[in-house]
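This is what each chain is made of:
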Amino acid sequence: MMRVLIAVLAFASASTYAAPPAGAAACSGCHAASATVASPVPRLVGREAADIVKAMDEFRAGKRPATVMDRIAKGFTDDETRAIAAWYAGQR
Amino acid sequence: MSVSRRRFLKSAAAAATGLFAPAVIAQAAPRVVIIGGGFAGTSCARALRKADQRLAVTLVEPNATFTACPLSNAVIAGLRELTAQQFTYERVVADGITLLRANATAIDAQARSVTLSDGTRLVYDRLVLAPGIDIRWDALPGYGESAAERMPHAWKAGEQTLLLRRQLEAMADGGLVVIAAPANPFRCPTGPYERASLIAHYLKTRKPRSKLIVLDAKDGFSKQRLFENAWAELYPGLLEWVPLSGGGKVISVDASTNTLVTDFGRHQAAVANVIPPQKAGSVGDIAGVADRSGWCPIDPATFESKLRAGIHVIGDAAIAGAMPKSAFAANSQAKACAEVVAELVNGRMPSAPKLINTCYSLVAPDYGISVAGVYRPAGGQLAEVPGAGGVSPLDAPRATRVLEAQYAEAWFRTITGEAFG
Ligand SMILES: Cc1cc2nc3c(=O)[nH]c(=O)nc-3n(C[C@H](O)[C@H](O)[C@H](O)COP(=O)(O)OP(=O)(O)OC[C@H]3O[C@@H](n4cnc5c(N)ncnc54)[C@H](O)[C@@H]3O)c2cc1C
């Protein structure tokens, strides 16, 4: 029965999977995707893309107080940052 | 099960009774089997289900409860209870993942099948191995499984963690504690030094006449200057680090007398913590994906084994280039690997991943330091992105150390939430 069910699932739904941009998933090691985790680190899910880009720019430039984000932000290009920010903005 | 999913199953089941049934069977959902329900395996299983609800994801793990290593050094130092380290799989199962409580005992890469300790045989389209580490019981003369009952490694959290804690609690003030640290590579490169720090904190506050020696098989380690500065400030005269060049390499142990032997002498300890050489979990050998180093070489863009097609390796077991063997790295690799596998089973080319690692260490309960890195495939390896990453500033004010100690705990809540919450 289970096997039939699984098989049918495949039939009933063509994959709509679209991979997130490179690096997006890595942020969730600290920025919890789940709203249930208690953390001082802000969630990125559903945040304005422009806010994320601005924060990353300021971290990179050393203009925003940071403990690790100044070090991590330097590992992402402007294009990568924009893509990640847009993706998080679209998540719920 | 969510309402929408239940409704979906219902309509899917109705469709199965129709004329389409034979065609349906031919298009079975892609099957992904994951071995190991630790930080890497569990995160990967959940990310796969999130990426593509069609996938039939099976997670194989023998233990009903996972005991996390990060912050287990605080348990050893009496600052935290082991129960705070323990997690179960209810939420993982609720994501629609099939959890099988067993060990994977045989893998046939040709037939794409896994055999479990209970005799079950699983066929996969893609296999992900995330077995963590095993201790190399043959690597340090005198240090076998029974010696570990006297001289705990506490490098897999659980009973061993509590054993080391009890030994410290039972030790008289003025005793000698010795930690033996292994050569690279091994699980959690900063772990021995965080442990030394927190044991020093315990001794300073509870047994101040005691002494702690770290015998090291290396001449340097991650975040070294940060640790050494903090040790000089917090634990002067209490903690001594002996590098390889100073005779630090332990060449054998004698559990009957709690003695560690180096080329330069013998140290008889009141409490001895032997962190021995390690290798990928033994299923790496069984699958034929571990090389002579004991670890598993992978393609840095896909995590696929360089030795067997269709098998991906993530977490501590993998040779991940510049990435350390950490729970953070395991989680980062797990999610990237899930994206790769979801693309591959859908017949698409995955794009190159970008990964992050951040490892916090507690030098004291309110004194945290960190090392971070950003990684991408380059030159056949996972290499650090130049100009990014690095360690906490050497001259940071104490307030930053306090903040990083808080972030260390917040990170633990986040990462365990990602895997088990
Ligand atoms: C003292 C200490 C402190 C640490 N502190 C930190 C820290 O602060 N930050 C950090 O990021 N990392 C830290 N780490 C490292 C971290 O614990 C590991 O890097 C992490 O657990 C690796 O995840 P993994 O999934 O590869 O392995 P694990 O988490 O060990 O999971 C492997 C799982 O596979 C299962 N398994 C093995 N073989 C089989 C088989 N044949 N069949 C089925 N299941 C199998 C095991 O039962 C286990 O549950 C620390 C480690 C130690 C020892």
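Preceding this section is the structure that the text describes.
Report follows, based on the coordinates. If you're wondering where the values come from, they're calculated on a predicted model, not measured in any experiment. (Residues numbered from 1 in each chain as written. Chains lettered and ligands numbered in written order. Predicted model: local features only at pLDDT ≥ 70, side-chain atom pairs only at ≥ 80, totals over all residues. Heavy atoms only, no water.)

**Topic: the sheet that holds strand β5 (residues 98-100) of chain B**
All names here are of chain B. Read from one edge of the open sheet, five strands run β5-β2-β1-β9-β20, paired in parallel fashion. Either end of the sheet is taken by a strand with one partner, and the two such strands are β5 and β20 (311-313). Ignoring strand direction, the axes of neighbouring strands in this sheet form an average angle of 20°. Of the strand pairs in this sheet, strand β1 (residues 31-35) and strand β9 (residues 126-129) are connected by four bridges, and their pairing is parallel. Along β9, the bridge assignment pairs I34 with V128. (Pairing = 2+ DSSP bridges. Helix = DSSP H or I, 4+ residues; strand = E, 2+ residues; numbered from the N terminus. Axes fitted to C-alpha atoms, helices over the stretch in contact; angles between N-to-C directions.)

**Notes on the site of the ligand**
Residues and elements named next belong to chain B. Neighbouring the ligand are 36 residues; A40, E61, R187, D316 and A327 lie closest to it. F39 is positioned such that a nitrogen or oxygen atom in its backbone is 3.2 Å from an oxygen atom of the ligand. Measuring from an oxygen atom of the ligand, one finds a backbone N or O atom of F328 at 2.9 Å. Computed on the free molecule, the ligand has an accessible area of 1,000 Å², of which 92% lies beneath the protein chains in the complex. Top contributing element to the shell around the ligand by residue count: helix α11 (residues 327-345), with three residues. Grouping the amino acids of the shell around the ligand by side-chain chemistry returns 21 nonpolar, ten polar and five charged. Mapping the shell around the ligand onto the domain boundaries places at least three of its residues in each of domain 1 (31-135 + 279-350) and domain 2 (147-277). (Near = heavy atom within 4 Å. Polar contact = N/O pair within 3.5 Å; in protein donor to acceptor, adjacent residues only side chain to side chain. Areas by Shrake-Rupley, 256 points an atom, 1.4 Å probe, with all protein chains shown as cover. Nonpolar A, V, L, I, M, F, W, Y, C, P; charged D, E, K, R; others polar. Domains from an automatic or database assignment.)

**Describing the pairing of strand β17 (residues 271-274) of chain B**
Within a regular beta strand, the side chains point alternately toward one face of the sheet and then the other, so they alternate between its two faces. All names here are of chain B. The alternating pattern of β17 places V271 and N273 and A272 and V274 on opposite faces, both of which are buried. Bridge count for strand β11 (residues 176-181) against β17 is four bridges, and the pairing is parallel. Looking at the pairing, I179 lines up with N273 of β17. (Buried < 20%, exposed > 50% of the residue type's maximum accessible area, 1.4 Å probe, protein only.)

**Some details on the packing of helix α8 (residues 191-206) of chain B against helix α9 (residues 224-234) of chain B**
Residues and elements named next belong to chain B. Running from amino to carboxyl end, α8 crosses α9 at an angle of 5°, the nearest separation of the two axes being 11 Å. As judged from the angle between their axes, α8 and α9 are roughly parallel. Taken together, the residues of α9 that come into contact with α8 (itself represented by Y193, E194, A196, S197 and K204) are F227, W231 and L234. Residue composition of the contact of α8 with α9, by class: five nonpolar, one polar and two charged. (Parallel < 35°, antiparallel > 145°, perpendicular 65-115°, else oblique. Contact = heavy atoms within 4.5 Å.)

**Remarks on the packing of aromatic side chains**
All chains considered together, the criterion is met by 14 aromatic pairs over all chains. Here the aromatic cluster, defined as three or more aromatic residues joined through ring pairs, consists of F39(B), F66(B), F87(B), Y89(B), F412(B) and F420(B). In this arrangement the basic side chain of R64(A) is found over the ring face of F59(A), its NZ or CZ atom lying 5.6 Å from the centre. In this structure, K325(B) packs its charged tip against the face of W295(B), placed 4.1 Å from the ring centre. (Phe/Tyr/Trp six-rings, centres within 6.5 Å; stacked < 30°, edge-to-face > 60°. Lys NZ or Arg CZ within 6 Å of the ring centre and 35° of its normal.)

**Focus: the pattern of salt bridges**
Opposite charge on two side chains allows them to pair when their charged atoms are near. A full pass over the atoms with the stated rule returns 24 salt bridges over all chains. Note that D285(B) and K279(B) form a salt bridge whose closest N and O atoms lie 3.9 Å from each other. Sharing partners across several salt bridges, the network here consists of K54(A), E58(A) and R64(A). (Salt bridge = Lys/Arg side-chain N within 4 Å of Asp/Glu carboxyl O.)

Read these as spatial facts, not as claims about activity.
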